[in-house]
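Architecture and fold: a report
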Amino acid sequence: MRPVVVTGLGAVSPFGVGVKPYWAGLAAGACAIRPLTLFDAAAFRCRIAAAVPESPGASPRRSRADGLALGAAGEALDDAGLGRVERREAALIVGAVGGGMLEAEAWYWARAQGERVPSWAAALRSMLPGSHAGTLAHRLGLGGPRHSVVTACSSGAVALAEAAELIADGVVDVALAGGVDAMTRLCFMGFNALKLLDPEPCRPFDRDRRGMSIGEGAAFVVLEAAERAHARGARVYAELAGHGMTTDAFHVTAPQPEGEGMTRAMRAALAVAGLDPRGVGYVNAHGTATPQNDRIEALAIARVFGEGRVLVSSNKSMIGHTMAAAGGLEAVATILALTHELVPPTANLGTPDADVAFDCVPRVAREAAIEHAISNSFGFGGQNVTLLFRRA
Amino acid sequence: MERRAVVVTGVGVVNAAIVGASPALGAWLAAPRPAARVTAHGRPAVRLPEGTLAGLIDPGEARRLSRVCQLTIAAARLATVESGLDPARGLGLVVGSELGDFTSTIAFADGYLARGAAGLSALLFPNTVMNTMAATTAIAVAARELALTLNVPTVAGELAIARGVAAVASGRVDAVLAGGVDEVDPLVEEMLGTLGDRDVRGEGAAFLVLEAESVARARGATTLGRLAGAAWRALPARPWGVGRRSGSRAIEEALAGAALGPPGFVYCSASGDAERDSWEARVLAAALGDATPPAVSLAPLLGQHAGLGALRVAAALWTARAGVLPDDAGGPARRVAGPGLVHGLARGGAHVAVISSAA
Amino acid sequence: MEPKEVFDELKTMLVARLKFDPRRAAEVVEATPLPKGVEDSIGLDSLDFIELSIAIEEKFGIVMDESEDLGAHFASFDTLSRFIAGRLGAA
């Protein structure tokens, strides 16, 4: 098993294009959840979301999601200083859910209403979640092993774990991995139907939380064999020291009530890193702000690390739940928390839930020099992932 | 890194021609017959006969399961039962699918378009995410380790097997249920027609139980064969396009990992898409040289679907044991020997190679 | 609307929205419990309850507020029918 390090970061978030505005927004505790304008949300109880304000690489022939992905992936590759030859060897792992569904929906909606429908071949070609990988590889010259993973809301984090395994096992020396999702009607409608959306910006870990807010974005990181990164003199942000992937095998939407699968994911990440739980200082939580997730996640974190023993915060209070992008964006936030020695807050947190036995960093970022931090991502179907980062 | 040997201890297949575990697959391979075709949107397709699933899934359980989830669970169960594996000892799951649960996704959208927000089905929504087959199957077979869904055009089944082999070989998990599934949906057929897709599409699921050889032996399991090497790479191509490059690291690495010498036969991914099929033929010729062994794809008999990619791996194990390679164009079977290469190459360049050998 | 009529509508929903076999739906009586895990119940889980509440909102034009604990009303067909009839009567 070879150590794996992070040498490049890229993000397109509801705070804008680039890692810089993303981190600035998180560090300031700003909230990017606003009235939704991408499509008509009038029929729903919740009409707000965290949309990306300007879509990079927007083009009539390219899906919004592909544009988001290209923006974040290109930034990560440039940030890592990877040249053409290195890119040709690089693996590409993309976590995705919605694919280019936003454009395919527009076509299907028009067709259902009997409107004349323009050519839709372009929309269909980029509709499936696996299609981003083809576009990214072709546009960015990535020629290594390539695959696309769908594990619902933990897809982005799984992509990083997959890439880490390819490097650790010696299949490749370098990989680009991350997640992307653009807002879609299906996703917005579905979470509305499940009554899981708060009509106001979400409040993770708050006593009065009422559900999630939906977001969109993309984030990619360049992962590299440590030896190879050092040999080429690359800047190392952090080590991806461990990861765990587990499945509840319990229910298609509800998490296992004791957080059993979540607990196993966190313990598996610690075991891979060879780290005692006391070595971890910060948990970047899945923290969706649904009553159930936050209570059960807090229970699982307490079981692994002990009550109150770590700082816990949720990026979703600021950028919403960005679906397949969430694992990627939250990994970037976790890495930057280590490098900047600053833990992003949980925005909108007024009265902490008594069932959450942790300091959830309410509203204001906290200065803290931390050696190890984890990022949790949990998806429908009980798909649990924990990534463990060690400060470089 | 030290790799553990990976064996197959169970096979489950549910498609228009085969329903059962490895004996059912073997019986069909010994005398392969084409599944009946139907026409949907002017395109021929292979559909599962009505009622096939009714005998495999309990009606109470079926209420909440979409058709493609039922297909997945039925094949996955057949494979786990044949393996005799105890999932409590650690079981992962890798599902390959090209199209996922499109039928439910369309039904979910139609509910809204017909009746507004009140027409949205909370029950259908989880099915709009492509991990729905993995989520329901993980529950059905108690797979509690990693559960991945891999999405790629036409080679998702082969890719799922290769990824499963890597998980077991690396020592991260002792057993993985890996395979592929797709179903034929009328709207999808229309879409594929619009995109110029030339494949005859089929539907079904095939799953294999992959186990570390040491673990399978220790529990006294019957072994159906060994997956001695597996690799996935990508060849340069535009999205949905075929490429020019024919030099493949996937075949090279899978063969190097297996260290069994050149393959005696090939199960390839030819499906009637002439441009892609000839690209694949060039890739195989470049990797295997003049001595390219006999090849078969089975797509003309069963229709292209992600289950077929996984089925080919199980079929290659049968051929390695039986020394018989069936013909998918109505010709006689051929006598072959040695390990087999299962090869998948998709438009867009996704590329998979798996080496199957007798145990 | 009388609880008996509401009950008949709920049985229709079992088939139309919750995908129960019509024969299974025909077997339920007012006393049949709803939640999974209760003896002789129809076996509904959390996701079924959300689907059922959407169907009730659509059919009867009442709003099921999820911040309110409605668990007791969803105990059986009888309790649910009375709850809905009561809400309709109060409107």
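Residues numbered from 1 in each chain as written. Chains lettered and ligands numbered in written order. Predicted model: local features only at pLDDT ≥ 70, side-chain atom pairs only at ≥ 80, totals over all residues.

Examining the overall build of chain B
Just so we agree on the cut-off: The numbering of helices and of strands both runs from the N terminus, where a helix is a DSSP run of H or I of at least 4 residues and a strand a run of E of at least 2. The size measure is the radius of gyration over C-alpha atoms, and the globule rule it meets is 2.2 Å times the number of residues to the 0.38 power. In this description, any two residues whose backbone-derived C-beta atoms lie within 7 Å of each other are considered to be in contact.
Broken down by element type, chain B carries 12 helices and 15 strands. Its C-alpha radius of gyration of 19 Å places chain B within 12% of the 21 Å reference for a compact globule of 359 residues. The C-alpha extent of chain B, read off along each of the three principal axes, is 60 × 45 × 40 Å. When contacts within chain B are restricted to residue pairs at least 6 apart in sequence, those whose partners lie at least 24 apart make up 79%.

A look at the overall build of chain A
Counting secondary structure elements, chain A contains 13 helices and 16 strands. Against the globule reference of 21 Å for 392 residues, chain A gives a C-alpha radius of gyration of 19 Å, in line with a compact fold. Overall, chain A is about 60 × 55 × 40 Å in size when its C-alpha atoms are taken along their principal axes. For chain A, the share of sequence-separated contacts (at least 6 apart) that also reach a separation of at least 24 residues comes to 80%.

Some words on the nonpolar core
The test is simple: A set of buried residues qualifies as a nonpolar core if it consists of Ala, Val, Leu, Ile, Met, Phe, Trp, Tyr and Cys joined through C-beta atoms within 7 Å. Here exposure depends only on C-beta density: within 10 Å of a residue's C-beta, 20 or more other C-beta atoms make it buried, 12 or fewer make it exposed, and intermediate numbers make it partly exposed, the C-beta atoms being placed from the backbone. Source of the domain bounds: an automatic or database domain assignment.
Formed by 314 residues in total, the largest nonpolar core has its most connected members in Leu-160, Ala-175 and Leu-223 of chain A together with Leu-208 of chain B. Three or more residues apiece are contributed to this core by two domains, here domain 1 (6-218) and domain 2 (228-357) of chain B. Here Leu-160 of chain A is in contact with Ala-177, Val-221, Leu-223, Leu-240, Gly-327, Ala-331 and Leu-387 of chain A, once residues within four sequence places are set aside.

Notes on the interface of chain A and chain C
In plain terms, the rule: Classes in brief: Ala, Val, Leu, Ile, Met, Phe, Trp, Tyr, Cys and Pro nonpolar; Asp, Glu, Lys and Arg charged; the others, Gly included, polar.
Counting residues at the interface gives 7 residues for chain A and 6 residues for chain C. Classifying every residue of the side of chain A that touches chain C by side-chain character gives 4 nonpolar, 1 polar and 2 charged.

Quick notes on the interface of chain A and chain B
On the chain B side, the residues contacting the 50 residues of chain A number 47 residues. Across the side of chain A that touches chain B, the residue classes break down as 26 nonpolar, 20 polar and 4 charged.

Topic: the sheet that holds strand E4 (residues 48-50) of chain A
One key point about sheets: their strands pair by backbone hydrogen bonds, in either a parallel or an antiparallel sense. Residue and element names in this part refer to chain A. To be explicit about the condition: Between any two strands, at least two bridges found by DSSP are needed for them to pair.
Strands sit in the order E3-E4-E8 across an open sheet of 3 strands; the sheet is mixed. Both edges of this open sheet fall to strand E3 (34-35) and strand E8 (214-215), since each of them pairs with a single strand only. Across 2 bridges, the pairing between E4 and E8 is parallel. Each residue of the ladder has a partner; that of Ala-49, found in E8, is Ile-214.

Quick look at the packing of helix H7 (residues 155-168) of chain A against helix H13 (residues 326-340) of chain A
Residues and elements named next belong to chain A. Just so we agree on the cut-off: Between N-to-C directions, angles span 0 to 180 degrees; the directions come from axes that are lines fitted to C-alpha atoms, helices contributing only their stretch in contact. The cut-offs work like this: below 35 degrees is roughly parallel, past 145 is roughly antiparallel, 65 to 115 is roughly perpendicular, and the gaps in between are oblique.
One way to put it is that H7 packs onto H13 with a least axis distance of 5 Å and a crossing angle of 65°. Taken as axis vectors, H7 and H13 run roughly perpendicular relative to one another. Along its contact with H7, which presents Ser-155, Gly-156, Ala-157, Val-158, Ala-159 and Leu-160, the element H13 presents Ala-326, Gly-327, Gly-328 and Ala-331. Each residue belonging to the contact of H7 with H13 can be placed in one class, and the counts come to 6 nonpolar, 4 polar and no charged.

Thoughts on the environment of Ala-51 of chain A
Residue and element names in this part refer to chain A. Along the chain, Ala-51 falls in the loop between E4 and helix H2 (64-80). For Ala-51, a count of 22 C-beta atoms within 10 Å gives the class buried. Taking the C-alpha atoms as reference, Ala-51 lies 7.4 Å from Leu-36; in sequence the two are 15 residues apart. Apart from the residues within four sequence positions on either side, Ala-51 is in contact with Pro-14, Leu-36, Leu-38, Met-183 and Glu-216.

Let's talk about the environment of Ala-358 of chain B
All names here are of chain B. Looking at the element boundaries, Ala-358 is found in the segment after strand E15 (350-357). Counting along the chain gives 81 residues from Ala-358 to Asp-277, while the straight-line C-alpha distance between them is 28 Å. In contact with Ala-358, other than residues within four places in its own chain, are Gly-225, Ala-320 and Arg-321.

Topic: the domain arrangement of chain B
Residues and elements named next belong to chain B. When cut into domains, chain B gives domain 1 (6-218) and domain 2 (228-357). Summarising the inter-unit geometry, the C-alpha centres of domain 1 and domain 2 are found 21 Å apart. Between domain 1 and domain 2, the residue contacts involve 47 residues of the former and 36 residues of the latter. Elements with a contribution of two residues or more to the side of domain 1 that touches domain 2: strand E1 (6-15), helix H1 (22-30), strand E4 (43-46), strand E5 (92-97), helix H6 (156-169), strand E7 (175-182) and strand E8 (204-212). Considering every element that reaches the side of domain 1 that touches domain 2, the biggest residue donor is H6, with 9 residues.

Describing the confidence of the model for chain B
Definition in use: Confidence of the prediction at every residue is given by pLDDT, a number between 0 and 100.
The share of residues in chain B with pLDDT of 70 or more is 100%, and the mean pLDDT across the chain is 95. Per the prediction output, this complex has pTM 0.97; the corresponding ipTM is 0.98.

Let's talk about the packing of H2 of chain A against helix H6 (residues 131-140) of chain A
All names here are of chain A. For clarity, the cut-off: Crossing handedness is read from the near helix: turned anticlockwise from the far helix by less than a right angle, it gives a left-handed crossing, and turned clockwise, a right-handed one.
Two numbers describe how H2 lies on H6: the axes approach to 10 Å, and their chain directions differ by 45°. Judged on the interaxial angle alone, H6 and H2 are oblique. Between H2 and H6 the crossing geometry is right-handed. On H6, the residues touching Ala-65, Asp-66, Ala-69, Leu-70, Ala-73, Gly-74 and Leu-77 of H2 are His-132, Thr-135, Leu-136, Arg-139 and Leu-140. Partitioned by chemical class, the residues of the contact of H2 with H6 number 7 nonpolar, 3 polar and 2 charged.

Points about the pairing of strand E3 (residues 37-40) of chain B
Residues and elements named next belong to chain B. The sheet contact formed by E3 and E4 spans 4 bridges and is antiparallel. What sits directly across from Arg-37, in E4, is Val-46. Taken together, E3 and the strand that follows it, E4, pair antiparallel across an intervening segment of 2 residues, in which His-41 is found at a positive phi of about 50°.

Description of helix H12 (residues 306-322) of chain B
Residues and elements named next belong to chain B. Heads up, the condition is: A helix is expected to span 1.5 Å for every residue after the first.
Between its first and last C-alpha atoms H12 spans 25 Å; for 17 residues at 1.5 Å apiece the expected length is 24 Å, and the two agree. Judged by how many residues are buried, H12 sits mostly within the fold: 15 of 17 residues are covered. Two residues or fewer after H12 comes Gly-323, characterised by a positive phi angle close to 70°.

Notes on the environment of Tyr-108 of chain A
Mapping Tyr-108 of chain A onto the fold places it in helix H4 (residues 101-112). When the C-alpha atoms of Tyr-108 of chain A and Ala-157 of chain A are compared, they prove to be 31 Å apart, with 49 residues separating the residues in sequence.

A short note on unusual backbone geometry
Phi at Leu-298 of chain B takes a positive value of approximately 70°, unusual for a residue other than glycine. The topology assignment puts Leu-298 of chain B in the loop between strand E11 (295-296) and helix H11 (299-302). Residue classification places Leu-298 of chain B among the buried positions, given that 26 C-beta atoms sit within 10 Å. Here Asp-40 of chain C, not a glycine, exhibits a phi torsion of approximately 60°, which is positive. Among the secondary structure elements, Asp-40 of chain C is positioned in the loop between helix H2 (22-27) and helix H3 (46-60).

Looking at helix H11 (residues 291-305) of chain A
Residue and element names in this part refer to chain A. An ideal rise of 1.5 Å per residue puts 21 Å on 15 residues; H11 measures up with 21 Å between its terminal C-alpha atoms. Buried residues of H11: Asn-293, Asp-294, Ile-296, Glu-297, Ala-298, Ala-300, Ile-301, Ala-302, Val-304 and Phe-305, and no others. Contacts made by the buried residues of H11 are with helix H10 (260-273), strand E11 (280-284), strand E12 (311-313) and strand E15 (372-379). Looking one or two places after H11, you find Gly-306, whose phi comes out positive at around 90°.

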